[in-house]
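Notes for the structure review
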Amino acid sequence: DVKVTQSSRYLVKRTGEKVFLECVQDMDHENMFWYRQDPGLGLRLIYFSYDVKMKEKGDIPEGYSVSREKKERFSLILESASTNQTSMYLCASRAGGQPQHFGDGTRLSIL
Amino acid sequence: GNSVTQMEGPVTLSEEAFLTINCTYTATGYPSLFWYVQYPGEGLQLLLKATKADDKGSNKGFEATYRKETTSFHLEKGSVQVSDSAVYFCGSEKLVFGKGTKLTVNP
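In this report, we go over the structure that sits alongside the text. (Residues numbered from 1 in each chain as written. Chains lettered and ligands numbered in written order. Predicted model: local features only at pLDDT ≥ 70, side-chain atom pairs only at ≥ 80, totals over all residues. Heavy atoms only, no water.)

1. What about the pattern of salt bridges?
Worth spelling out the cut-off: What makes a salt bridge here is a side-chain nitrogen of Lys or Arg within 4 Å of a carboxyl oxygen of Asp or Glu, nothing more. For every residue, the accessible area (1.4 Å probe, protein chains only) is compared with the maximum for its type, and the residue is labelled buried under 20%, exposed over 50%, or partly exposed between those bounds.
A complete count under the given rule lists 9 salt bridges over all chains for this structure. Close ionic contact of Arg36(A) with Asp38(A) constitutes a salt bridge, the shortest N to O distance being 2.8 Å. The closest approach of N and O atoms between Lys77(B) and Asp84(B), which form a salt bridge, is 2.8 Å. Side by side, Lys77(B) and Asp84(B) carry an identical accessibility label, which is buried. Each of Arg36(A), Asp38(A) and Arg44(A) takes part in salt bridges that share partners, so that together they form one network.

Rendered as structure tokens:
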């Protein structure tokens, strides 16, 4: 079974901090994704990556960046956290056009 | 463009009731379609999929048929259980999802 592991289930940070959310998958998938999930808005794609060192903007990339130095790891970075980035963050991976496999999410609160 | 629209909830049913959650899509071509389920405190899990028109995906008593003529992929279950209470998302391989439908099943 594919396992997608997000480093933290809950995280509390302060406005202006640089925040790192880590995600690791164990199935050698080429494609990895970061979403945020908010009530009434569903899942919105922030960034995705089709290969090591490659990244593509999703629908809402502003205020975020990503890093993919190794195939199994995809990091989401909040350069200067703001309160409107309080959300549930979900990482996913997949092979080709197959269904995505999701981590359990990180609930991030920015105070 | 590509998009998915699903019925917004919340939906509340009694145990053993029939469930339908509507999902329609717009897409270039015929992408694979999926239903995911999210239990409280967890990420999304694949519930079922259909890879081409007229395909029927099924799992755990849930079914959905990929209908090209109506551009729909409605989720159905004949008799829901309390343990089916969760949020359900319709999605496509084009990285688009519906907004989710929260289902609560009461005993």
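And the narrative resumes.
2. Comments concerning unusual backbone geometry
Residue and element names in this part refer to chain B. Put simply, the test is: Comment: elements are numbered from the N terminus, with helices defined as DSSP H or I runs of at least four residues and strands as E runs of at least two.
Look at the link from Gly9 to Pro10: it is a cis peptide, with omega at 0 degrees. With respect to the element layout, Pro10 can be found in the loop between β1 (3–6) and β2 (11–14). In this structure, Lys60 takes a positive phi of about 55 degrees despite not being glycine. As for its position among the elements, Lys60 is in the loop between β7 (56–59) and β8 (62–65). Here the phi dihedral of Leu95 falls at roughly 70 degrees; this positive angle occurs in a residue that is not glycine. Considering the arrangement of structural elements, one finds Leu95 in the loop between β10 (86–92) and β11 (101–106). The class for Leu95 is buried, based on a relative accessible area of 12%.

3. What to know about the environment of Lys55(A)
Residue and element names in this part refer to chain A. Worth spelling out the cut-off: Contact criterion: two residues are considered in contact whenever any of their non-hydrogen atoms come within 4.5 Å of each other.
Turning to its location among the elements, Lys55 is positioned in the loop between β6 (42–49) and β7 (56–57). Using a relative accessible area of 49% as the deciding quantity, one classes Lys55 as partly exposed. For the pair formed by Lys55 and Gly103, sequence separation is 48 residues and the distance between their alpha carbons is 19 Å. When near neighbours in sequence (up to four residues on either side) are disregarded, Lys55 contacts Phe48, Ser49 and Val66.

4. Points about the interface of chain A and chain B
By a widespread convention, an interface's size corresponds to the accessible area lost as its parts come together. Stated precisely, the cut-off is as follows: Simply put, the buried area is the total loss of 1.4 Å probe accessible area from both parts when two parts are fitted together. Throughout this description, a polar contact denotes any pair of N or O atoms lying within 3.5 Å of each other; where both atoms belong to protein, one of them has to be capable of donating a hydrogen while the other can accept it, and for residues adjacent in sequence the pair is counted only when both atoms sit in side chains. Ten residues, namely Ala, Val, Leu, Ile, Met, Phe, Trp, Tyr, Cys and Pro, are considered nonpolar, four, namely Asp, Glu, Lys and Arg, are considered charged, and the remaining ones, Gly among them, are considered polar.
Residue-level contacts link 19 residues of chain A with 15 residues of chain B. A combined buried area of about 1,400 Å² lies between chain A and chain B, and 56% of that area is made up of carbon and sulfur atoms. At the junction of chain A and chain B, the tally comes to 5 residue pairs in polar contact (both at pLDDT 80 or more). Those elements giving two or more residues to the side of chain A that touches chain B turn out to be β5 (31–38), β6 and β10 (87–94) of chain A. Looking at the side of chain A that touches chain B, its residues break down into 9 nonpolar, 7 polar and 3 charged.

5. Some points on the sheet that holds β7(B)
Residues and elements named next belong to chain B. Test applied: Between any two strands, at least two bridges found by DSSP are needed for them to pair. To define axes, lines are fitted to C-alpha atoms, for helices over the stretch in contact only, and angles between the resulting N-to-C directions are given on a 0 to 180 degree scale.
Taken in spatial order, the 4 strands make up an open sheet running β3-β9-β8-β7, and their pairing is antiparallel. Since the sheet does not close on itself, it has two edges, and those belong to β3 (19–21) and β7, each with one partner. On average, each strand axis in the sheet is inclined to that of its neighbour by 15 degrees, with strand direction left out of account.

6. Looking at the side chain of Ser87(A)
All names here are of chain A. Following the sequence through the fold, Ser87 ends up in strand β10. A polar atom in the side chain of Ser87 sits 3.2 Å from the backbone oxygen of Gln37. In terms of polar contacts, Ser87 uses its side chain to reach the side chain of Asp38, at 2.8 Å. Among residues more than four places away in sequence, those in contact with Ser87 are Arg36, Gln37, Asp38, Thr106, Arg107 and Leu108.

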